[in-house]
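# Descriptive structure summary
Here are the chains, one letter per residue:
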Number of protein chains: 2
Amino acid sequence: PQPPLLPPPPRPVQKAELVRLSQTLLHVRALHWVVVEDAAAPTALRGALHPPERRDPPRASPPPRGPPWLRPRGVEQRNRALQWLRETRAPGESGVVYFADDDNTYSLRLFEEHPWRGRLAGGAGGGPAFRAAAGGGGRVVGFHTAWKPERPFPLDMAGFAVGLPLLLARPAARFDPQAERGYLESSLLGGLVSPAELEPKADNCTQVLVWHTRTEKPKLRQEEQLQREGRGSDPHIEV
Amino acid sequence: PQPPLLPPPPRPVQKAELVRLSQTLLHVRALHWVVVEDAAAPTALRGALHPPERRDPPRASPPPRGPPWLRPRGVEQRNRALQWLRETRAPGESGVVYFADDDNTYSLRLFEEHPWRGRLAGGAGGGPAFRAAAGGGGRVVGFHTAWKPERPFPLDMAGFAVGLPLLLARPAARFDPQAERGYLESSLLGGLVSPAELEPKADNCTQVLVWHTRTEKPKLRQEEQLQREGRGSDPHIEV
Ligand SMILES: O=c1ccn([C@@H]2O[C@H](COP(=O)(O)OP(=O)(O)O)[C@@H](O)[C@H]2O)c(=O)[nH]1
Ligand SMILES: O=c1ccn([C@@H]2O[C@H](COP(=O)(O)OP(=O)(O)O)[C@@H](O)[C@H]2O)c(=O)[nH]1
Ligand SMILES: [Mn+2]
Ligand SMILES: [Mn+2]
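Treat the numbers as computed from the prediction; the structure is a model and nothing was measured.

## Brief notes about the coordination of the manganese ion (ligand 3)
Residues and elements named next belong to chain A. Summarising the metal site, the manganese ion (ligand 3) is bound by the protein donors Asp-101 (OD), Asp-103 (OD) and Asp-103 (OD), whose distances to it range over 2.1 to 2.8 Å. For Asp-101, a relative accessible area of 23% puts it in the partly exposed group. Note on Asp-103: relative accessible area 14%, which makes it buried.

The structure is reproduced here in structure tokens:
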């Protein structure tokens, strides 16, 4: 018997990225991975994850259309995850919240960072879009960035983590989908702390433990050609 | 004291890619990862690997210059690795040899594929450049490809593995650096088996277990701008 037709994955490399990221996260003890799908119904991609998920994850509606430099991606999903945490976690419950991109690269050393002192950490993000918070004397004293350095928190999404108790204690803090370009991180962080309250991590911000990698969009011209000839890939094979 | 200046990594995302791939391979038991550096001297990147390497890996000279579509990348390195295997392994020693790209995505399920019957396996490579070998009745009966289907082995480098005993028994088989575009895989495989001898893997070639992902080259304009202003990234921070 043929397997049922699978809904096509929303992006060609999405399964690959989830498989790759899940295999890194699989090393980490006591990690709870909240995957927010931007689809009205669950997609087939859950089978990609190691180990298979055990609970129904939250879902958000598809992101607003428009060029990505105008409409930051993943915002609704991240707010949906915040809402889920506030609905399901008890006040004061311990934990550290990261906001991960599926195409970023995370060193396992990131998860050895402790003790997380329960508030907010500005670690060294970086790599390609090298944007490290520079720490000094147990304080973050500046940021390394050329672009809009006047932002209150000129950090990439991958460059910080937030203590769960703080997130729960400030229930209104969220990402502003209308934030000006580059101000998305500031829109959340501004509702949580002042820049002076950031705690440097990653060996006083001298280690790069996350890279803002991006995966090339594949050209599917040949597959499209084969499909026009009626010789496309077997749709039962999940890619 | 300042740490010593690190030689700059050859490509901006190389450390990220090695970290990410190493964290997948770290799950695999009895795996020997041969990393061939295309540099005259060891680079700083070895520190990126989990766990740290324990022996001096082979090295190849930098690849010939020229546009990548004319000069396949990684050929010298792969031949150097073949040479290293033939120099260090005893005839008949068991094992399976994969040729991995540092930017590909490998599902852990790939490494559960067994028994490898000691010869050559045509699995389902694919993803973006979807190129699966189609198996039938325990034989590979065709290939799904639009590009140069007349090639004897129209497979991507990621779409097959070779039994170590076979590689040792055919000491002349190697990748031909002069091979016409698309014929690199055929140049090795033609020296090992006939297409009819391929063994389908990955559930009779119905599973995609490797994706030929590629990482975007980052734009470093802002970093270059900061460097011109004398405010570049701290060169002691390895990226
Ligand atoms: O249609 C989309 C596009 C992106 N994303 C998510 O939004 C985040 C940021 O997207 P992307 O990595 O493309 O942005 P970039 O890092 O290039 O700014 C990622 O975790 C994606 O999985 C999503 O959920 N739906
Ligand atoms: O200067 C280089 C460029 C590439 N490679 C290696 O050659 C392989 C193939 O390169 P790439 O992934 O860029 O090629 P593609 O997959 O895009 O054809 C990869 O494992 C790279 O690490 C290398 O050793 N030196
Ligand atoms: Mn991203
Ligand atoms: Mn590659």
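## Quick notes on the site of ligand 2
Residues and elements named next belong to chain B. Taken together, 11 residues surround ligand 2, and among them Asp-38, Gln-77, Asp-101, Asp-102 and Arg-214 come closest. Within the side chain of Gln-77, a nitrogen or oxygen atom sits 2.4 Å from an oxygen atom of ligand 2. The contact in question runs from an oxygen atom of ligand 2 to an N or O atom on the side chain of His-212, over 2.9 Å. Contact with the protein chains hides 77% of the accessible area of ligand 2, taken as 520 Å² for the molecule alone. Split by residue class, the shell around ligand 2 holds 1 nonpolar, 3 polar and 7 charged.

## Details of unusual backbone geometry
Residues and elements named next belong to chain A. Backbone geometry places Lys-148, a non-glycine residue, at a positive phi of 45°. On the secondary structure map, Lys-148 appears in the loop between β5 (139-143) and β6 (160-163). Positive phi, close to 55°, is recorded for Ala-202, a residue that is not glycine.

## Regarding the pattern of salt bridges
Residues and elements named next belong to chain B. Across all of its chains, the model carries 8 salt bridges over all chains by this definition. The partner of Glu-180 in a salt bridge is Lys-148, and the shortest N-O contact between them spans 3.4 Å. Of this pair, Glu-180 sits in the loop between α3 (164-169) and α4 (184-189) while Lys-148 sits in the loop between β5 (139-143) and β6 (160-163), and the two are 32 residues apart along the sequence. Looking at Glu-180, the relative accessible area reads 53%, which means it is exposed.

## What to know about the site of ligand 1
All names here are of chain A. Around ligand 1, the surrounding shell holds 11 residues, and the nearest of these are Asp-38, Gln-77, Asp-101, Asp-102 and Arg-214. Note that an oxygen atom of ligand 1 is positioned 2.4 Å from one of the side-chain N or O atoms of Gln-77. Burial of ligand 1 by the surrounding chains reaches 77%, relative to a free accessible area of 520 Å². In the shell around ligand 1, the residues fall into 1 nonpolar, 3 polar and 7 charged.

## Quick word on the interface of chain B and chain A
Residue-level contacts link 44 residues of chain B with 44 residues of chain A. Considering only the surface of chain B that becomes buried against chain A, Arg20(B), Gln23(B) and Glu216(B) emerge as the three largest contributors, covering 16% of it. Counting the contacts that link chain B with chain A gives 2 salt bridges. The closest approach of N and O atoms between Glu216(A) and Arg214(B), which form a salt bridge, is 4.0 Å. Sorting the residues of the side of chain B that touches chain A by element identifies α1 (14-25), β2 (105-106) and α6 (221-228) of chain B as the ones contributing at least two each. A per-element tally of the side of chain B that touches chain A places α1(B) first, with 6 residues. Residues that form the side of chain B that touches chain A fall into these classes: 18 nonpolar, 17 polar and 9 charged.

## Structural notes on the packing of aromatic side chains
As enumerated under the stated definition, the model contains 6 aromatic pairs over all chains in all. Where Phe99(B) meets Phe175(B), the ring centres are 5.0 Å apart and the plane angle is 85°; that geometry is what we call edge-to-face. Remark: Phe175(B) occurs in the loop between α3 and α4 and Phe99(B) occurs in the loop between β1 (96-98) and β2; sequence separation between them is 76 residues. Like Phe175(B), Phe99(B) is buried. Here the aromatic cluster, defined as three or more aromatic residues joined through ring pairs, consists of Phe99(A), Phe160(A) and Phe175(A).

## Some words on the relation of the copies chain B and chain A
Mapping chain B onto chain A leaves a residual RMSD of 0.0 Å; the transformation is a rotation of 180° accompanied by 0.0 Å of translation along its axis. Put plainly, the chains are arranged around a two-fold axis. In terms of C-alpha distance to the rotation axis, chain B has Thr215(B) as its closest residue, with the C-alpha 2.3 Å off the axis. Counting the interface residues of chain B, we find that 100% of their copies in chain A are interface residues as well, pointing to one common contact surface.

## Focus on the confidence of the model for chain A
All names here are of chain A. With 71% of its residues at a pLDDT of 70 or more, chain A shows a mean pLDDT of 76. No element of chain A has a lower mean pLDDT than strand β3 (residues 120-122), at 44, and none a higher one than helix α4 (residues 184-189), at 94. Segment residues 1-9 is flagged for pLDDT under 50; beyond a separation of four residues in sequence, or across chains, it makes 9 contacts in the model. Predicted confidence for residues 115-133 stays below pLDDT 50, and this span has 91 contacts to residues more than four positions away or in other chains.

Conventions we followed
Residues numbered from 1 in each chain as written. Chains lettered and ligands numbered in written order. Predicted model: local features only at pLDDT ≥ 70, side-chain atom pairs only at ≥ 80, totals over all residues. Heavy atoms only, no water. Donors = N, O, S within 2.8 Å, 3.2 Å for Na, K, Ca; no water. Buried < 20%, exposed > 50% of the residue type's maximum accessible area, 1.4 Å probe, protein only. Near = heavy atom within 4 Å. Polar contact = N/O pair within 3.5 Å; in protein donor to acceptor, adjacent residues only side chain to side chain. Areas by Shrake-Rupley, 256 points an atom, 1.4 Å probe, with all protein chains shown as cover. Nonpolar A, V, L, I, M, F, W, Y, C, P; charged D, E, K, R; others polar. Helix = DSSP H or I, 4+ residues; strand = E, 2+ residues; numbered from the N terminus. Salt bridge = Lys/Arg side-chain N within 4 Å of Asp/Glu carboxyl O. Contact = heavy atoms within 4.5 Å. Buried area = accessible area lost by both parts, 1.4 Å probe. Phe/Tyr/Trp six-rings, centres within 6.5 Å; stacked < 30°, edge-to-face > 60°. Least-squares fit on C-alpha atoms with pLDDT ≥ 70 in both. pLDDT = per-residue confidence, 0-100.

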